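Examining the three-dimensional arrangement
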Amino acid sequence: LDSLLPLSPLTIFCGIPGTAKSTLLAQMYTQMSAGDSAGRDHVLIELPRRRIGVKAVVALAAEAFLTQTGIPDADAGLIAAIRRGRFDLDEVAASTSAWANSAGSCTIFVPNYEWHACPELDALLAKTVVAGMDVVCTLVDADTLAARARAEGIAVKVVCDADLCFSPPELQQLALFYGVEPTSAVIDRVERLTAGHPMMASVAMRALAGFERVVVNHNDVVFMG
């Protein structure tokens, strides 16, 4: 995670689905919110992995933002309207500056954004960054949102799948985690099979270790042959 810092006002993790980018964002949120971030608030907006309406996304995001920042002076009338679905996006966009001022320094993490991205929500994300809050989100293709943000003068950082591939030393650590001797032959084989893809490399190492399935019980992970 440290190798991905510093973030930009808008940071986009992009690439093919199923590569655990949303999981990475959640881990980054946990690490940064637990660390010393000079009083910066961190907000995690966990969108569902299925498409829902634009207003439902905004309502979910607003609720998460207000709950996690605890800002006391948000527009009560607008919040009531959002909770009832009786609002338009222009109202919310117009309130982003006031909410940003109330929240102070804030980084908003939006995993699973690729399920919901559309011009209206892209515009609202850009407005949020202009208002003074940083945004980190996931997309399959970053071009549309990145182009819109740059047109607004926003600095953008794009992290692609290739930036997240495991290097040979990381593959060695992964092998040790699964109890596989990290010989050059093993590392070369896994790298050839997976191109360093984190999820597929893990599957390959599990297979080499003789584990056929993984059982997760709360915080305990049990590998079973």
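An account of the accompanying structure is given in this report. (Residues numbered from 1 in each chain as written. Predicted model: local features only at pLDDT ≥ 70, side-chain atom pairs only at ≥ 80, totals over all residues. Heavy atoms only, no water.)

A closer look at the packing of aromatic side chains
- Evaluation of the coordinates by the stated rule reveals two aromatic pairs.
- Where Y29 meets F109, the ring centres are 5.9 Å apart and the plane angle is 70°; that geometry is what we call edge-to-face. Here Y29 is found in helix α1 (residues 21–34), whereas its partner F109 is found in strand β3 (residues 106–110), with 80 residues between them in sequence. F109 matches Y29 in its accessibility class, with the two residues each being buried.
- Judged by centre distance (5.0 Å) and plane angle (80°), the rings of F177 and Y178 are edge-to-face. (Phe/Tyr/Trp six-rings, centres within 6.5 Å; stacked < 30°, edge-to-face > 60°. Helix = DSSP H or I, 4+ residues; strand = E, 2+ residues; numbered from the N terminus. Buried < 20%, exposed > 50% of the residue type's maximum accessible area, 1.4 Å probe, protein only.)

Observations regarding the nonpolar core
- Judged by nonpolar contacts, the single largest core of 46 residues is most densely connected at L10, I12, F65, W99, I108, Y113 and L145.
- If you list the elements that add at least two residues to this core, you get β1 (10–14), α2 (54–69), α3 (76–84), α4 (89–103), β3, α5 (119–130), β4 (134–139) and α6 (143–151).
- Among the elements that line this core, the one with the most residues is α2, at seven residues.
- Not counting chain neighbours up to four residues away, the residues in contact with I108 comprise V43, I45, F65, T128, M133, D134, V135 and V136.
- In terms of nonpolar packing, the next biggest core, distinct from the first, is built from twelve residues, L25, M32, V159 and L164 among them. (Core = buried A, V, L, I, M, F, W, Y, C linked by side-chain atoms within 4.5 Å. Contact = heavy atoms within 4.5 Å.)

Overview of the packing of helix α7 (residues 168–177) against helix α9 (residues 198–209)
- It is at 9 Å that the axes of α7 and α9 come closest, and there the two elements cross at 40°. As summarised for this structure, α7 and α9 are arranged oblique, according to the angle between their axes. The element α7 and its partner α9 pack so that their crossing is right-handed. Between α7, through L171, L174 and A175, and α9, the contact on the second element is made entirely by A201, S202 and M205.
- Considering only residue class, the contact of α7 with α9 consists of five nonpolar, one polar and no charged. (Axes fitted to C-alpha atoms, helices over the stretch in contact; angles between N-to-C directions. Parallel < 35°, antiparallel > 145°, perpendicular 65-115°, else oblique. Left-handed = near helix turned anticlockwise from the far one by under 90°. Nonpolar A, V, L, I, M, F, W, Y, C, P; charged D, E, K, R; others polar.)

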